[in-house]
Amino acid sequence: MDLNYKTFGQGDPLIILHGLFGTLDNWQTVARQLSNHYSVYIVDLRNHGRSPHADEAGYPVMAEDLKVFMENHWIYKAHIMGHSMGGKTAMQLALDYPEMVDKLVVVDIAPKGYKGGHETIFKALFAVDMDELEDRSQAEKILATYIDDNGVVQFLLKNLTRKKEGGYEWKMNLPVLFRDYDKIVGAVEGHEAFEHPALFIRGEKSTYILDEDWPAILELFPEARLETVLNAGHWVHADNPAALLGLVENFLYSS
């Protein structure tokens, strides 16, 4: 799995992972700001962005993808930061290959399983008939009939791309993500705890990390601490990037 990536800066390696339906570009602004002190890699996970499509989703295989990516780039230990699905991938890597992870940053996700919540988004994405699609505005109108949040619509439209032979397609592997959605919302599992420093960041307005989740998080990540970003929902990096950046920088700089 030859993952697509961009890199910025010089220094100790830091790898940043996006969430479901996202791409590496979602984190480019944060990556550039962190590149003053680190070699920052932003990566498209499998079945997303410009990375290859594969007939399987789930955290063990995505963690293995990342391990291979690191080895192929001569990175044998790095700071890992991930948001949502990317945060679960980061956790899985830390649990499966703890020797490869220096410090772990998890943004607005817990290792537990979730009930879902993306059903309407899947319905909207499947409603866009690529054989009939004439332009982006048509796709936008279709998505907006299902989704009343324009920010979510614009986020999803970043996945729409032109084909060389004409017409459009989704960058993401929509059929596999839909089929394996239960794995994506499923729990991260590990046989042994990750004993290195970990920072969990949640949005004040988000419900993805609840107070009652903390004991279970500490079982897998006993050196973890929790910070809450004010005036932010699930997309912490978009809602309050300055606060997020300050927390990450302080955590990574500390010895």
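A short tour of the structure in this document, coming up. (Residues numbered from 1 in each chain as written. Predicted model: local features only at pLDDT ≥ 70, side-chain atom pairs only at ≥ 80, totals over all residues. Heavy atoms only, no water.)

Comments concerning the sheet that holds strand S4 (residues 78–83)
Across the sheet, which stays open at both edges, the seven strands sit in the order S1-S3-S2-S4-S5-S8-S9 with mixed pairing between neighbours. Strands at the two margins of the open sheet, each flanked by one partner only, are strand S1 (5–8) and strand S9 (224–229). Here the average twist between neighbouring strands, direction ignored, is 20 degrees. Note: strand S8 (residues 198–203) against S9, six bridges, orientation parallel. The partner of Arg-202 across the bridge, within S9, is Thr-228. (Pairing = 2+ DSSP bridges. Helix = DSSP H or I, 4+ residues; strand = E, 2+ residues; numbered from the N terminus. Axes fitted to C-alpha atoms, helices over the stretch in contact; angles between N-to-C directions.)

Observations regarding the nonpolar core
Core analysis: the biggest nonpolar cluster contains 67 residues, and Ile-15, Phe-21, Ile-80, Leu-104, Phe-200 and Phe-221 have the highest contact counts within it. Apart from the residues lying within four places of it in its own chain, the contact partners of Phe-221 are Met-91, Ala-94, Leu-95, Leu-104, Phe-194, Ala-198 and Phe-200. Formed by 25 residues, the second largest nonpolar core is a distinct cluster that contains Val-105, Ile-201, Val-229 and Leu-252. (Core = buried A, V, L, I, M, F, W, Y, C linked by side-chain atoms within 4.5 Å. Buried < 20%, exposed > 50% of the residue type's maximum accessible area, 1.4 Å probe, protein only. Contact = heavy atoms within 4.5 Å.)

Concerning unusual backbone geometry
Phi angles above zero are rare outside glycine, and Ser-84 is one such case at about 55 degrees. Counting through the fold element by element, Ser-84 comes out in the loop between S4 and helix H3 (85–96). A positive phi angle, near 55 degrees, is found at Asp-108, a position not held by glycine. Looking at Asp-108, the relative accessible area reads 0%, which means it is buried.

Digging into the pattern of salt bridges
All told, the structure shown has nine salt bridges when counted by the stated rule. Where Asp-180 meets Lys-183, a salt bridge forms, and the shortest distance between an N and an O atom there is 4.0 Å. Residue Asp-180 is classed as buried on the basis of its relative accessible area, which comes to 5%. Members of the salt-bridge network, linked through shared partners, are Asp-55, Arg-179, Asp-180 and Lys-183. (Salt bridge = Lys/Arg side-chain N within 4 Å of Asp/Glu carboxyl O.)

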